[in-house]
Each structure stands twice: as C-alpha cells, then as structure tokens.
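Letter by letter, the chains look like this.
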Amino acid sequence: MDTYRPASGHDLQHAEVRRSSRGFLVFLAWIGAELVIYAALVFAASDETRPNCSGLCFSDRELLILLGMMFGLAALVGQLIVGLLLTRVYHRRRMTPFAAGRTAFFITFALTALVLGLLAVTQL
C-alpha cells in the first residue's frame, strides 16, 4: 500500500517560516557577539580619571559608556531594523539561513561604522 502523500501548502509554508526564523536567529547571535565585545571593552577600560584634568573629567570607561548611550543605542536600533529587513530579503533569494543572517549583519555593521565615522569626522 502506498502511504506517500505530497506535502501540503501549509507544511511548506511552516517550513519556510522556520527557515526564515533561523536566519533571524543567526543575525541576532552576531548582534549578541557585538554586544559582548563592547562589554568586554568597557570592563577592560581604565576607571581612573587623568590627574591633571580640569573641568568635566571622564575616565576611559565612563567615556565608553557615555558614547555607547549617545550613539551606540541609536546605531544598534538602526542596525537591528535594517538587518532584520535584509535578512528577510536574503531569505527570499534562497540563501541559507546562516548566509542570510551573516551577510545582513556584516552589511549593517559596515553601514553603521560608515555612518558613525562620518558623524565623527563632521564633528571635528
């Protein structure tokens, strides 16, 4: 007796959603790695202020935290929005979930670095 039955449209759609969510998880894992590296930099930075400082003085750690709050949070939100959209686009191009998430992360990382670099140059 033949027990083969073709996959229904619902099963195929469910498989596509699972595959797409894996790409999002890969992207979010890269974002998590980025945050861990930032936290390691903050904890490795010096907590002592310069001895000959006058006026408003920050230690290296406080300066990293301040810059992270001023620019890093906005950059992270932008990176998340653009990255999740790019992951979706790459998934529709039939890229593997790992390739879609990784490519979306590195493109958004480069764009974020470019925007923050341009902001830093224009502030000089």
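What counts and how
- Residues numbered from 1 in each chain as written.
- Predicted model: local features only at pLDDT ≥ 70, side-chain atom pairs only at ≥ 80, totals over all residues.
- Heavy atoms only, no water.
- Salt bridge = Lys/Arg side-chain N within 4 Å of Asp/Glu carboxyl O.
- Helix = DSSP H or I, 4+ residues; strand = E, 2+ residues; numbered from the N terminus.
- Buried < 20%, exposed > 50% of the residue type's maximum accessible area, 1.4 Å probe, protein only.

**Student:** Honestly, the pattern of salt bridges in this entry has me stumped. Any pointers?
**Tutor:** Note on pairing: side chains with opposite charge can pair once their charged atoms come close. The tally for this structure, following the rule as stated, stands at one salt bridge. Close ionic contact of Arg61 with Asp47 constitutes a salt bridge, the shortest N to O distance being 3.9 Å. Placement of the pair is Arg61 in helix 2 (residues 60–92) and Asp47 in the loop between helix 1 (9–44) and helix 2, with a sequence separation of 14 residues. Arg61 sits in the partly exposed class, given a relative accessible area of 22%. On the basis of relative accessible area, Asp47 is assigned to the partly exposed category, the value being 49%.

**Student:** Mind showing me how you'd approach the environment of Leu28 here?
**Tutor:** Mapped onto the elements, Leu28 comes out in helix 1. Given the relative accessible area of 41%, Leu28 is considered partly exposed. C-alpha separation for the pair Leu28 and Leu80, spaced 52 residues apart in sequence, amounts to 8.2 Å.

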